[in-house]
Amino acid sequence: MSLTKNTSLVKKQNFLITAIALGVILNPLNTSMITVALPEIKNEFALTSKDITWLIASYFIVCAIFLPLIGKLSDFYGRKKIFLMGLLLVSISSFAAPLSQNMLSLLGLRAIQAVGTSALYPAGIGIVRSYINNNQNRVIGLLSVFATTSAAFGPTISGLLINLGGWHVIFYVNFPIILISAILAILFIPKDEKMVTKTFKWDGIGIILFSFLISFWIYFLQTIKSGLNIWILIVSLILTFLFYFFEKKKAAPFIDVLFLKENSNISLVYIQYIFATLVFFAMLLSMPMYLQSVLMLSSKLTGIIMLSLSISAMVITPIATRWIEKKGYRIPLVTGVIIGIIGVILLMTIKHNSPLYWISIVLSTVGLSNGILNIGLQTLLYSLVSVSETGTASGLFLTSRFIGNILASSVFGLMFATGVNDINKDWMTIILIVVSIILFSGILFITKKKAVANTTTTNF
């Protein structure tokens, strides 16, 4: 009887994890699938290159704003409820977006999609930490695989779909994922516990300030290739200081800046994740363009080669999770950064006449690094926060990812402004090497602090 009960419990937990995993892939998948569709969208709506840039950037802006907000809401109002509402919003936007008659309506529906997908990761991680007790780190590692590698699969999937039915089809691919995730979530995620002792306090001014802050910084980064806009830089800095000092005085701030200031380890994790994402996403953005424009490969062959980046990250993540469980954080994270530095340096060896197997090896090396860093930094973060703060922490974690994405797209735009060629690719590589060295220093520092803290705790 006991064995039957345990088997039943394991099945329920597996269905719960599947529901969350399917929801989690919707955000990164929809972030990257649209990149292949941009030429068609540009032609259909007679858009400029600047318009297209904002079609991507607007998604990042909405995600960066709503991830920490929805993380808080999921902690407060219930993670299952927020998870299902996220799926509903993605359904609405995925149905209506292909019917868009102009750029404005497509932007609006993409914004709704961004809000919906932003709900799924923080709520999902909160559910895992609340209801999965055995091998929790491994489950988080699995979700990390889905969240990270699905972005790399996006261009390949959309490339095949667009050949069948145009750019509209990339939105319809969401429906089977949403349907299965929703059914499993309704059946297997436990009901939310009611919180009657507190009421949620909205920090409206903080949200508005953060929205303007993010928007102005993105605008500054997106336009820096045209020259340094000193006034936009000044406004961005003023908004940053205003936001910090306003949130500092709030009893219930949108983003607890004092908490981040007082808990430097948590802040450092977010900063390191920004750098790690910058390197990975810069590769994800630049290499398909480089392979097609310089090596003159077909979109199909480009997609196959790009899979080496995602597959290596996917394969290493469960191995890294077990490694971290046995050896702790320091050695795996430091090893991951070193592998990343090697991979980025090897990027300098790729030229217009490089063999395809060598390009795959270089991309795989970067993918291995990203897989280790992703799960390592994520599990390190959750070791520093309580279960009740999981939604908020994971929301900020994904906000860090989108900041890294924004920086990567800015580096890409700046370095390839004069064309896609070996020289500009090498300049981008130099920037990524510098970022990787900064990341290495940060990882050494934070893992040393964590080791000292653990030793102190043990001694007491």
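The structure reproduced in this document is the subject of the present report. (Residues numbered from 1 in each chain as written. Predicted model: local features only at pLDDT ≥ 70, side-chain atom pairs only at ≥ 80, totals over all residues. Heavy atoms only, no water.)

**Digging into the overall build of the protein chain**
Test applied: In this description a helix means any DSSP run of H or I spanning at least four residues, a strand means any run of E spanning at least two, and both kinds are numbered starting from the N terminus. Residue exposure ignores everything except the shown protein chains as possible cover, and the areas themselves are Shrake-Rupley values with a 1.4 Å probe.
Looking only at helices and strands, the protein chain features 17 helices and 0 strands. Of the roughly 20,300 Å² that the protein chain leaves accessible, carbon and sulfur atoms contribute 70%.

**Structural notes on the environment of W54**
For the record, the criterion: Only protein chains enter the accessibility calculation, which uses a 1.4 Å probe; a residue whose area is less than 20% of its type maximum is buried, one above 50% is exposed, and one in between is partly exposed. The contact definition used throughout considers only heavy atoms, calling two residues in contact when any of these lie within 4.5 Å.
For W54, the position within the fold is in helix α3 (residues 49-77). You can call W54 partly exposed: its relative accessible area is 22%. In this structure, the C-alpha to C-alpha distance between W54 and Y219, residues 165 residues apart in sequence, is 9.1 Å. Non-local contacts of W54, meaning those with residues more than four positions away in its chain, are made with I61, L107, S215, I218 and Y219.

**Notes on the packing of aromatic side chains**
For clarity, the threshold we go by: Two aromatic rings, drawn from Phe, Tyr or Trp (for Trp, its six-membered ring), form a pair once their centres lie within 6.5 Å of each other, and the interplanar angle then sorts them: stacked below 30 degrees, edge-to-face above 60, tilted otherwise.
Under the criterion given, the structure shown has 7 aromatic pairs. Between F45 and W167, the aromatic rings sit 6.0 Å apart at their centres with planes inclined by 65°, giving edge-to-face as the arrangement. Residue F45 is located in the loop between α2 (26-44) and α3, and its partner W167 is located in the loop between α6 (136-165) and α7 (169-172); the two are separated by 122 residues in the primary sequence. Since its relative accessible area comes to 0%, W167 is described here as buried.

**Topic: the nonpolar core**
Put simply, the rule is: Here the nonpolar core consists of buried residues drawn from Ala, Val, Leu, Ile, Met, Phe, Trp, Tyr and Cys, with membership extended through side-chain atoms lying within 4.5 Å.
Grouped together as the largest cluster of nonpolar side chains are 142 residues, with contacts concentrated most on I20, I41 and M287. Filtering out sequence-adjacent residues up to four positions away, I20 remains in contact with F83, G124, I127, V128, L143 and I189.

**Let's talk about the packing of α2 against helix α8 (residues 174-188)**
Cut-off, in case you're wondering: Inter-axis angles, ranging from 0 to 180 degrees, are taken between N-to-C directions of lines fitted to C-alpha atoms, where helices are fitted over the stretch in contact. Any angle that falls under 35 degrees is termed roughly parallel, while one over 145 is termed roughly antiparallel, one within 65 to 115 roughly perpendicular, and all others oblique. Amino acids outside the nonpolar list (Ala, Val, Leu, Ile, Met, Phe, Trp, Tyr, Cys, Pro) and the charged list (Asp, Glu, Lys, Arg) are all regarded as polar, and Gly is one of them.
It is the contact of α2 with α8, at a shortest axis distance of 12 Å, that shows an interaxial angle of 175°. Considering the angle they form, α2 stands roughly antiparallel to α8. Between α2 and α8, the contacting residues are L26, L29, N30 and M33 on the first element and N174, I177 and I178 on the second. In terms of residue class, the contact of α2 with α8 is made up of 5 nonpolar, 2 polar and no charged.

**Things to note about the pattern of salt bridges**
Rule in force here: Any Lys or Arg side-chain nitrogen found within 4 Å of a carboxyl oxygen on Asp or Glu counts as a salt bridge.
Throughout the structure, instances matching the rule amount to 2 salt bridges. Where K425 meets D426, a salt bridge forms, and the shortest distance between an N and an O atom there is 2.9 Å. Accessibility assignment for this pair places K425 and D426 in one class, buried.

**Description of the packing of α2 against helix α5 (residues 103-131)**
How two helices pack is summed up by the angle between their axes together with the distance between the axes. Relative to each other, α2 and α5 sit at 160°, their axes nearing to 9 Å. Here α2 lies roughly antiparallel to α5, going by the angle between them. In this structure, α2 contributes L26, N27, N30, I34 and I41 to the contact, and α5 contributes L106, R110, Q113, T117, S118 and L120. Per-class residue counts for the contact of α2 with α5 are 5 nonpolar, 5 polar and 1 charged.

**Some words on the environment of M289**
Tracing the backbone shows M289 in helix α12 (residues 264-293). Considering only alpha carbons, one finds M289 and N421, 132 residues apart in sequence, at a separation of 9.8 Å. Look past the residues within four positions of M289 in its chain and what remains in contact with it is V294, F412 and V420.

**Digging into the side chain of S118**
Note the cut-off: Polar contact is the term for a pair of N or O atoms within 3.5 Å; when the atoms are in protein, one must be able to donate a hydrogen and the other to accept it, and sequence-neighboring residues count only if both atoms are side-chain atoms.
Secondary-structure assignment places S118 in helix α5. Note on S118: relative accessible area 0%, which makes it buried. Separated by 2.6 Å, the side chain of S118 and the backbone oxygen of A114 make a polar contact. Excluding its chain neighbours within four sequence positions, the residues that come into contact with S118 are N27, C63, F66, L67 and I70.

**Quick notes on a nonpolar patch on the surface**
Convention followed: Residues form patches when they are more than 30% accessible in relative terms and have no salt bridge. Like charges link within 9 Å. Nonpolar side chains (Val, Leu, Ile, Met, Phe, Trp, Tyr) link within 5 Å.
On the surface, a cluster of nonpolar side chains totalling about 630 Å² of accessible area is made up of L228, I230, W231, I234, I238 and L242. Topologically, I230 is positioned in helix α10 (residues 230-249).

**Focus: α8**
The α-helix advances 3.6 residues per turn, and as a result positions three or four apart in sequence lie on the same side. Rules: Any helix carries an expected span of 1.5 Å times its number of residues minus one.
The end-to-end C-alpha separation of α8 is 21 Å, in line with the 21 Å expected for 15 residues at 1.5 Å each. Of all the positions in α8, only N174, I177, I178, S181, A182, L184 and A185 are classed as buried.

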